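Secondary and tertiary structure notes
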Amino acid sequence: MTDDGGARAAGNGFPGRLAARVAQRESQIVLGLDPDPSRLWPQAAGAVRAPDAGADAAAAAAVEAHCRALIDAAGPACVAVKPQVACFERLGAPGWAALARVAAHAAEAGLLVIADAKRGDIDVTAAAYAQGLLTGLDTPFGAVGGLRADATTVNPYLGADALAPFADAAARSGAGLFVLVRTSNPGAADIEDLALAEGGTVWERVARLVDELGRAHDPGEPLSAIGAVMGATRPEHLARARELLPRAPFLLPVIGAQGGRVEDLAPAFAPGRAGGLVTASRSIARAHEASGEPPATAARREAERLREAAWALV
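Here's a quick rundown of the structure. (Residues numbered from 1 in each chain as written. Predicted model: local features only at pLDDT ≥ 70, side-chain atom pairs only at ≥ 80, totals over all residues. Heavy atoms only, no water.)

**Quick word on the pairing of strand β2 (residues 80–83)**
Alternating residues of β2 divide into Ala80 and Lys82 and Val81 and Pro83, and every residue in both groups is buried. Bridging between strand β1 (residues 29–33) and β2 involves 4 bridges; their strand directions are parallel. Paired with Leu33 across the bridge in β2 is Pro83. Pairing analysis gives 2 bridges linking β2 to strand β3 (residues 112–119), with the strands arranged parallel. (Buried < 20%, exposed > 50% of the residue type's maximum accessible area, 1.4 Å probe, protein only. Helix = DSSP H or I, 4+ residues; strand = E, 2+ residues; numbered from the N terminus. Pairing = 2+ DSSP bridges.)

**Some thoughts on the nonpolar core**
Counting residues in each nonpolar core, the largest one holds 78 residues, and the members touching the most others are Leu31, Met230, Phe250 and Ile284. Here the element with the most residues in this core is helix α2 (residues 55–74); it accounts for 9 residues. Setting aside its immediate chain neighbours within four residues, Phe250 contacts Phe178, Ala228, Met230, Leu238, Ala241, Arg242, Leu245, Ala268, Gly275, Gly276 and Leu277. By size, the runner-up hydrophobic cluster in this structure holds 17 residues, among which are Leu112, Leu180, Leu223 and Ala274. (Core = buried A, V, L, I, M, F, W, Y, C linked by side-chain atoms within 4.5 Å. Contact = heavy atoms within 4.5 Å.)

**Let's talk about the environment of Asp123**
If you trace the backbone, Asp123 turns up in helix α5 (residues 123–135). For Asp123, a relative accessible area of 44% corresponds to the partly exposed category. Remark: the alpha-carbon pair of Asp123 and Val278, spanning 155 residues in sequence, is separated by 31 Å.

**Quick look at the pattern of salt bridges**
In the structure shown here, the tally under the stated rule is 15 salt bridges. For the salt bridge of Arg301 with Glu293, the shortest nitrogen-to-oxygen distance reads 2.7 Å. The class for Arg301 is exposed, based on a relative accessible area of 51%. Residue classification places Glu293 among the partly exposed residues on the basis of a relative accessible area of 21%. It is possible to trace a salt-bridge network through shared partners that takes in Glu64, Arg68 and Arg101. (Salt bridge = Lys/Arg side-chain N within 4 Å of Asp/Glu carboxyl O.)

This is the structure in structure tokens:
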């Protein structure tokens, strides 16, 4: 999502915008927005809403207020936000509207917006997902904006033809993709680590697919628009992933709450500081629960700590 909400200028693609923001802010931290309506900051509960609004509208208003406050507090130490789309979609139409306003607020604060949607489907449906998340859509009734995020996460397990519509949409709009390659959940080993008959593992084959897609869509660029989600809880995979993906930016969950450590991420930054984006969600949003500080103070302090730790690795 561009700062002014307008179309991305030709030649101002995602890798260039990402590298510029990282350099300007001296940060590689991505603020995850995973709002739980039962664990919002206290000030969010009093969000203004219509007196006759239903529960979905009330919850969406509170979630929006929480995310805005979190962006205002921690955003200056970050380079992007990563809203978990499902956390907004479960609130119905008001939740999607709240997501759009939160994304706009983040862009106004100078942050890139990475929609964490993990979509994946056959070609027609993949194109529709890409329109909703990245490009918008021209219709007989006029232009429909969509979310117009700077990048989105996608699932590769329907194969290359299902990734192609996302990559085409990203190329047209100057957006980026982060493909799930080796994830951080324990169950990832059930599929992603399986050995292939020709050698290597499933996740290594996916990595090669991502590299091929990046080379086809942005050949010769030092940093690709097609990146990879690499779980930070298994740092032993990062060096191998970087061999297979020399130009891809890595989106690196999960720091803090799920056990990953910034200090283990050095291989991710081989292409430069913008080669690794360190994501943190609950460890920032809930920092006050451990420290006893006001929520905004604790969030700002934790985001700054992570920023300094990641910046020192390069």
